[in-house]
Amino acid sequence: MRNIKIIEVRSEIGAGTRGASLGIDAIKIAALDFMSSFFVHFPSEVVQEENRLLYEPVASPYAKRIQGVLTMYERVAKSVSETIKSGLFPVILAGDHSTSGGSIAGVKMAKPKNRLGVIWIDAHADLHSPYTTPSGNMHGMPLTTALDEDNLDNQVHNPDPNTVELWNKLKHLGKIHPKIFSEDIVYIALRDFEKEEEYL
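Computed from a predicted structure; not experimentally measured.

Engineer: So what's going on with the overall build of the chain? Residues and values would help.
Structural biologist: Check the secondary structure of the chain and you find seven helices and five strands. The N-to-C order of helical and strand elements in the chain reads β-α-α-β-α-β-α-β-α-α-β-α. Overall, the C-alpha framework of the chain stretches about 50 × 40 × 30 Å when taken along its three principal axes. Within the chain, the proportion of its 200 residues that are buried is 48%.

Quick look at the structure:
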């Protein structure tokens with residue numbers, strides 16, 4: 001088996017409901033039940049989360065907890081990039097998938113000249129931005145950060161300047177943007193999306 005490194009990200013600040021951070025431990029417990037040595041055989045790293053923000057007021061209604069999501073993007077991208085550069089293959093186990101844009105950024109930062117493809121297994125397209133989001137939840141936006149896309153043709157909100165600044169930092173993480181192209185995304189199980197996402 002290839003040498004891998006497990007990266008654990010117990011973040012759930014990008015979702016609208018709680019509990020996603022418990023998924024990693026549920027997987028580890030299930031592995032024990034099946035007498036799997038997976039989690040003792042490979043090295044692991046725990047990325048510090050920002051879940052304390054769940055107890056603080058939401059400052060940006062069109063990109064809830066975006067400052068914390070940016071922090072998580074930076075941490076996850078750094079871990080993924082360093083893992084790849086060390087010769088190991090990163091396996092990221094995470095809570096809500098707002099941080100998946102950080103995973104993509106980390107791969108691109110480690111391999112800046114490579115063209116990346118993404119297989120997105122999800123019921124949702126995750127192609128919203130602060131300009132189009134119906135909920136403000138950041139887990140609906142990771143692919144648009146990787147695509148460096150605002151979708152202004154379908155704009156329904158006018159985010160405040162601070163939100164726009166943080167949004168642009170998310171999209172431009174690692175000073176590489178876009179990180180992927182729309183023709184290099186494959187969706188599996190997509191069934192629930194809004195007209196703004198369908199436009200893209």
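Engineer: Lay out the pattern of salt bridges in plain terms, naming residues and giving numbers.
Structural biologist: With the rule as written, the count across this model stands at 15 salt bridges. A salt bridge links Asp148 to Lys171; the nearest nitrogen and oxygen atoms lie 3.5 Å apart. A residue pair is termed long-range when its members are at least 10 positions apart, and Asp148 in the loop between helix H5 (142–147) and helix H6 (161–171) and Lys171 in helix H6 qualify at 23 residues. With relative accessibility at 24%, the residue Asp148 sits in the partly exposed group. Through salt bridges with shared partners, a single network forms among Glu8, Arg10, Asp25 and Lys28.

Engineer: Would you mind going over the packing of helix H3 (residues 66–85) against H6 in detail, with residue names and values included?
Structural biologist: The description of two packed helices rests on the angle between their axes and on the distance between the axes. Packing of H3 against H6 brings their axes to within 10 Å, and their N-to-C directions diverge by 15 degrees. If you check the angle between H3 and H6, you find them roughly parallel. As for how H3 packs across H6, the hand of that crossing is left-handed. For the pair H3 and H6, the contacting residues are Ile66, Gln67, Val69, Leu70 and Tyr73 in the first and Thr163, Leu166, Trp167, Lys169 and Leu170 in the second. Class assignment of the residues belonging to the contact of H3 with H6 gives a composition of seven nonpolar, two polar and one charged.

Engineer: I'd like to hear about the packing of aromatic side chains, residue by residue, with values.
Structural biologist: Taken as a whole, this structure holds two aromatic pairs when the rule is applied. Pairing Phe38 with Phe39 gives two aromatic rings, centres 5.1 Å apart and planes at 85 degrees, and the pair type is edge-to-face. With a relative accessible area of 25%, Phe38 lands in the partly exposed category. Geometrically, the ring pair formed by Phe38 and Phe42 is edge-to-face, given 5.3 Å between the ring centres and 65 degrees between the ring planes. Taken together, the ring pairs in this structure connect Phe38, Phe39 and Phe42 into an aromatic cluster.

Engineer: Account for the side chain of Lys171, naming residues and giving values.
Structural biologist: A relative accessible area of 4% means that Lys171 is categorised as buried. Within the structure, the side chain of Lys171 is placed 3.5 Å from the side chain of Asp148, a separation counted as a polar contact. Non-local contacts of Lys171, meaning those with residues more than four positions away in its chain, are made with Thr144, Thr145, Asp148, Glu149, Asp150, Ile176, His177 and Lys179.

Engineer: Summarise the environment of Met138; cite the residues concerned and give the values.
Structural biologist: The topology assignment puts Met138 in the loop between strand S4 (118–121) and H5. Overall, the relative accessible area of 3% leaves Met138 in the buried class. For the pair Met138 and Tyr62, spaced 76 residues apart in sequence, the C-alpha separation works out to 8.7 Å.

Engineer: So, a nonpolar patch on the surface: which residues are in play, and what are the values?
Structural biologist: Taken together, Ile119, Ile121, Val186 and Ile188 make up a surface patch of nonpolar side chains, about 400 Å² in accessible area. For the nonpolar patch, the secondary structure elements donating two or more residues are S4 and strand S5 (185–188). Judged by relative accessible area, which is 64%, Ile121 ranks as exposed.

Engineer: I'd like a rundown of helix H4 (residues 100–110), residues and numbers included.
Structural biologist: In terms of burial, H4 is a largely internal element, nine of the 11 residues being buried. Along H4, the positions that sit buried rather than exposed are Ser100, Gly101, Gly102, Ser103, Ile104, Ala105, Gly106, Lys108 and Ala110. Where H4 is buried, its residues meet H3, strand S3 (89–94), S4 and H5.

Conventions used here
- Residues numbered from 1 in each chain as written.
- Predicted model: local features only at pLDDT ≥ 70, side-chain atom pairs only at ≥ 80, totals over all residues.
- Heavy atoms only, no water.
- Helix = DSSP H or I, 4+ residues; strand = E, 2+ residues; numbered from the N terminus.
- Buried < 20%, exposed > 50% of the residue type's maximum accessible area, 1.4 Å probe, protein only.
- Salt bridge = Lys/Arg side-chain N within 4 Å of Asp/Glu carboxyl O.
- Axes fitted to C-alpha atoms, helices over the stretch in contact; angles between N-to-C directions.
- Parallel < 35°, antiparallel > 145°, perpendicular 65-115°, else oblique.
- Left-handed = near helix turned anticlockwise from the far one by under 90°.
- Contact = heavy atoms within 4.5 Å.
- Nonpolar A, V, L, I, M, F, W, Y, C, P; charged D, E, K, R; others polar.
- Phe/Tyr/Trp six-rings, centres within 6.5 Å; stacked < 30°, edge-to-face > 60°.
- Polar contact = N/O pair within 3.5 Å; in protein donor to acceptor, adjacent residues only side chain to side chain.
- Patch = residues over 30% accessible without salt bridge, like charges linked within 9 Å, V, L, I, M, F, W, Y side chains within 5 Å.
- Areas by Shrake-Rupley, 256 points an atom, 1.4 Å probe, with all protein chains shown as cover.

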